[in-house]
Amino acid sequence: MAISSSERLRRFYERLQGADHVLIAINADPDAIASAMAVKRLLWRKGPAITIAHVNVIKRPDNLAMIRLLGVSLTHWKDLGATAFAKVVMLDSQPEHHPSFSGLAPDVIIDHHPVGGTAAPFQDIRPNYGAVSTIMTEYLKAAGIRPSAKLATGLFYGIKTDTNNFQRQALPEDMRAFQYLFRHANTHLARKIENAEIRIDFLKYYRIGISNLRFRKSRAFVHLGAVVSADVCVQLADFFMRVNRITYSIVSGICEGNLVVIFRNDGLRKNAGTLAAQAFGKIGQAGGHKSMARAEVPLDNLPKDLDVHNDALVQRWVMRRVGTDPGNI
């Protein structure tokens, strides 16, 4: 029997009842940031202090613009120190999705990625949904809360990005939430976020990516070497999906002691989340959706004879892991 939005909201409030300080844990991207804004609004007037903490380094221009223009207050995971929290809410992620989350026992998990191995006292995980922002919009409506212009803009943009303008996996619920938010959002702000300028120091990676690009049938493979942020790999993976005849884009780079591999496809090919998990799940964190996925492998887990400073060797190793013989390029 399907659980109603009002019942989900009741269970959500019940789990956080009496908390004096709540931690919202995210791997910051537009969907996660907007969802955290929504949880903060739901708990407004309920009493607890709220801290939104992100585990990643935020460098993507749209993320930075979103935080600045919508006035979102975030704290990096490493800066939490010994702060005590009565309850932990995890959004758009699960404990096994990032090494920093390992050992964390959240009281609430709200996510749209496939169900992982960690259960929470209250969890609302809907893998078929295009965005957690859609789920949070349903919570707000169940609570009778009309979102402010900034909150509506954040959720609107979260759905827009995670569904890639509804070109990726989405349900009618995503479209209904998007249409509802459109009536309350500031579309001018949304365009400013979306059209945020590419950082100058990211431009060199486009040159590296084009130089290192390898094709296997309609798949594009790129290894960027050391990158300042994993967001660079995300941007390049999205960029190469815009090239005619490319149906699969796999971009890797080395960042903060990990090999990061980003998967994108046109939604018609083999499930990207399954491919990522099969290729890298036994040696790192890996998973995602049909059209988009991510893997992070600690460098210590890579073969001892693999020279991580030799970009060509790493690229060939990644291609073999995902089942493509580089000799056939």
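Residues numbered from 1 in each chain as written. Predicted model: local features only at pLDDT ≥ 70, side-chain atom pairs only at ≥ 80, totals over all residues. Heavy atoms only, no water.

*Asks:* Explain the overall build of the chain to me, and be specific about the residues and the numbers.
*Replies:* Of the regular secondary structure elements, the chain holds 11 helices and 12 strands. Its C-alpha atoms put the chain at 60 × 45 × 40 Å along the principal axes. Taken across its 329 residues, the chain has 54% of its residues classed as buried. A total of about 15000 Å² of accessible surface is found on the chain, and carbon and sulfur atoms cover 49% of it. Here the chain contributes 42 positive and 29 negative side-chain charges, whose respective centroids are spaced 4 Å apart. (Helix = DSSP H or I, 4+ residues; strand = E, 2+ residues; numbered from the N terminus. Buried < 20%, exposed > 50% of the residue type's maximum accessible area, 1.4 Å probe, protein only. Areas by Shrake-Rupley, 256 points an atom, 1.4 Å probe, with all protein chains shown as cover. Lys, Arg positive; Asp, Glu negative; His and termini not counted. Charge placed at Lys NZ, Arg CZ, Asp CG, Glu CD.)

*Asks:* Before we move on, could you go through helix H9 (residues 231–240) and cite the residues and values that matter?
*Replies:* Burial analysis of H9 places eight of its 10 residues in the buried class, the great majority of the element. Taken together, the buried positions of H9 are occupied by Asp231, Val232, Cys233, Val234, Gln235, Leu236, Ala237 and Phe240. Packing partners of the buried residues in H9 comprise helix H3 (61–70), helix H8 (203–212), strand S8 (219–226), strand S9 (248–255), strand S10 (258–265) and strand S12 (292–298). (Contact = heavy atoms within 4.5 Å.)

*Asks:* Can you tell me about the nonpolar core, naming the residues and giving the values?
*Replies:* Note on soluble globular proteins: their nonpolar side chains tend to be buried together. By size, the foremost hydrophobic cluster in this structure holds 54 residues, and its most contacted members are Phe12, Ile24, Ile26, Leu42, Ile110, Met136 and Tyr139. Looking at which element gives the most residues to this core, the answer is helix H2 (residues 30–43), with nine residues. Of all hydrophobic cores here, the second largest spans 23 residues; its members include Tyr248, Phe280, Met319 and Val322. (Core = buried A, V, L, I, M, F, W, Y, C linked by side-chain atoms within 4.5 Å.)

*Asks:* Give a description of the packing of helix H1 (residues 5–16) against helix H4 (residues 132–142) that names residues and reports values.
*Replies:* The contact between H1 and H4 brings their axes to 9 Å, and the two run at 90°. Judged on the interaxial angle alone, H4 and H1 are roughly perpendicular. Residues Ser5, Ser6, Arg8, Leu9 and Phe12 of H1 form the contact with H4, whose own contacting residues are Glu138, Tyr139 and Ala142. Of the residues belonging to the contact of H1 with H4, the class tally is four nonpolar, two polar and two charged. (Axes fitted to C-alpha atoms, helices over the stretch in contact; angles between N-to-C directions. Parallel < 35°, antiparallel > 145°, perpendicular 65-115°, else oblique. Nonpolar A, V, L, I, M, F, W, Y, C, P; charged D, E, K, R; others polar.)

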